[in-house]
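So the chains spell out like this:
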Amino acid sequence: GDSVTQMEGPVTLSEEAFLTINCTYTATGYPSLFWYVQYPGEGLQLLLKATKADDKGSNKGFEATYRKETTSFHLEKGSVQVSDSAVYFCALPYNAGNMLTFGGGTRLMVKP
Amino acid sequence: DTGVSQDPRHKITKRGQNVTFRCDPISEHNRLYWYRQTLGQGPEFLTYFQNEAQLEKSRLLSDRFSAERPKGSFSTLEIQRTEQGDSAMYLCASSLAGGGNTIYFGEGSWLTVV
């Protein structure tokens, strides 16, 4: 079935370091892909999305490119801040796009 | 657009008691979802409604769980005879109908069963 695999965390970086969080997917066709972020004690917020192959989603300095050749949607940011410390989830629609399945999440810790 | 709101945000209950969570979706959204998230895990789908119709239920939704959306607006999730394994965050989300539309989540309701 459709599924998402993320790199395990935690990922610990110093402020201003470059961030990559890997996400690969298995799906029928070319669904939209999403990254959500969860700050401590809170619900999920949509970070960015891409609706078709080769699309790049971006928001708040984060970017992810939908690559059908490698079935990947890796999240990147050029210079992380302490405020980026959170858990990041890659997500994939399934069942004709009616529901979302999530990866296990990757915890990012940014140190000053 | 006030976002998806959930109430209560936190609930501590004794094992065996019943609890009910409420969700108010984004006003124009006709789809409403419930997910469960345990510590260190991603959210897991429980059920979803389109308007007042419950269209899909996960196997995670045991017979102690019941969800309703009587008028196609707000929804309630009731857990009867709570067990310690029910301790989790219950997330509500909403969207417009249609595959691939963005699903927006609320802040979640934390349940602790003691």
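That block above? That's the structure.
Attention in this report is confined to the structure presented alongside it. (Residues numbered from 1 in each chain as written. Chains lettered and ligands numbered in written order. Predicted model: local features only at pLDDT ≥ 70, side-chain atom pairs only at ≥ 80, totals over all residues. Heavy atoms only, no water.)

## Quick look at the interface of chain A and chain B
For step 1, the next point in the chain: Between chain A and chain B, the residue contacts involve 21 residues of the former and 24 residues of the latter.
For step 2, the next point in the chain: Among the residues of chain A in contact with chain B, Leu44(A), Asn98(A) and Met99(A) are the three that bury the most area, contributing 29% of the side total.
For step 3, the next point in the chain: One can count zero salt bridges joining chain A with chain B.
For step 4, the next point in the chain: Looking at the side of chain A that touches chain B, the elements with two or more residues in it are strand S5 (33-38), strand S6 (44-50), strand S10 (86-94) and strand S11 (99-102) of chain A. (Contact = heavy atoms within 4.5 Å. Buried area = accessible area lost by both parts, 1.4 Å probe. Salt bridge = Lys/Arg side-chain N within 4 Å of Asp/Glu carboxyl O. Helix = DSSP H or I, 4+ residues; strand = E, 2+ residues; numbered from the N terminus.)

## Structural notes on the layout of surface pockets
For step 1, the next point in the chain: Looking at the largest pocket, its volume works out to about 330 Å³.
For step 2, the next point in the chain: Lining the largest pocket we find 18 residues, and of these Gln38(A), Val87(A), Arg107(A), Gln37(B) and Gly40(B) sit closest to its centre.
For step 3, the next point in the chain: Residue classes in the lining of the largest pocket are distributed as eight nonpolar, eight polar and two charged. (1 Å grid on protein atoms, 1.4 Å probe; cavity = no way out; pocket = protein on both sides within 12 Å on 5 of 7 lines; lining within 4 Å. Points joined across faces, edges and corners; volume = space filled by probe spheres on them. Nonpolar A, V, L, I, M, F, W, Y, C, P; charged D, E, K, R; others polar.)

## Comments concerning the environment of Glu15(A)
All names here are of chain A.
For step 1, the next point in the chain: Note that Glu 15 resides in the loop between strand S2 (11-14) and strand S3 (19-21).
For step 2, the next point in the chain: Glu 15 sits in the partly exposed class, given a relative accessible area of 33%.
For step 3, the next point in the chain: Residues Glu 15 and Ser 83 lie 68 residues apart in sequence; the distance between their C-alpha atoms is 9.6 Å. (Buried < 20%, exposed > 50% of the residue type's maximum accessible area, 1.4 Å probe, protein only.)

## Topic: the side chain of Arg36(B)
For step 1, the next point in the chain: Tracing the backbone shows Arg36(B) in strand S4 (residues 31-37).
For step 2, the next point in the chain: Buried and without a salt bridge, Arg36(B) has Glu44(B) as its closest oppositely charged side chain, separated by 4.4 Å. (Lys, Arg positive; Asp, Glu negative; His and termini not counted.)

## Regarding the pattern of salt bridges
For step 1, the next point in the chain: Summed over the entire model, instances satisfying the criterion amount to six salt bridges over all chains.
For step 2, the next point in the chain: Between Asp55(A) and Lys52(A) there is a salt bridge, with its nearest N and O atoms 3.4 Å apart.
For step 3, the next point in the chain: The salt bridge partner of Arg22(B) is Asp24(B), with a shortest N-O separation of 2.8 Å.
For step 4, the next point in the chain: Look at Arg22(B) and you get partly exposed, because its relative accessible area is 34%.
For step 5, the next point in the chain: One continuous salt-bridge network, built from bridges that share partners, spans Arg64(B), Glu83(B) and Asp86(B).

## Structural notes on the environment of Thr38(B)
Residue and element names in this part refer to chain B.
For step 1, the next point in the chain: Turning to its location among the elements, Thr 38 is positioned in the loop between S4 and strand S5 (44-50).
For step 2, the next point in the chain: Put simply, Thr 38 and Met 89 are 51 residues apart on the chain and 6.3 Å apart in space, counted from C-alpha to C-alpha.
For step 3, the next point in the chain: Setting aside residues up to four positions removed in sequence, Thr 38 forms contacts with Ser 87 and Ala 88.

## Examining the packing of aromatic side chains
For step 1, the next point in the chain: Evaluation of the coordinates by the stated rule reveals 15 aromatic pairs over all chains.
For step 2, the next point in the chain: Ring geometry for Phe62(A) and Tyr88(A): centres 5.5 Å apart, planes at 40°, overall tilted. Placement of Phe62(A) in strand S8 (residues 62-65) and of Tyr88(A) in strand S10 is noted, with a sequence separation of 26 residues between them. The same class applies to Phe62(A) and to Tyr88(A), which are both buried.
For step 3, the next point in the chain: A centroid spacing of 5.7 Å and a plane angle of 20° characterise the contact between Phe21(B) and Tyr90(B), whose relative ring orientation is stacked. Taken together, the positions of Phe21(B) in strand S3 (residues 19-24) and Tyr90(B) in strand S9 (residues 88-95) put the pair 69 residues apart, joining distant regions of the chain.
For step 4, the next point in the chain: Of the residues examined, Phe21(B) reaches a relative accessible area of 0% and is grouped as buried.
For step 5, the next point in the chain: Three or more aromatic residues joined by ring pairs make a cluster, and in this case those are Phe34(A), Tyr36(A), Phe89(A), Phe102(A), Tyr33(B), Tyr35(B), Phe45(B), Tyr48(B) and Phe105(B).
For step 6, the next point in the chain: Its end group placed over the ring of Phe74(B), Arg22(B) keeps NZ or CZ at 3.9 Å from the ring centre. (Phe/Tyr/Trp six-rings, centres within 6.5 Å; stacked < 30°, edge-to-face > 60°. Lys NZ or Arg CZ within 6 Å of the ring centre and 35° of its normal.)

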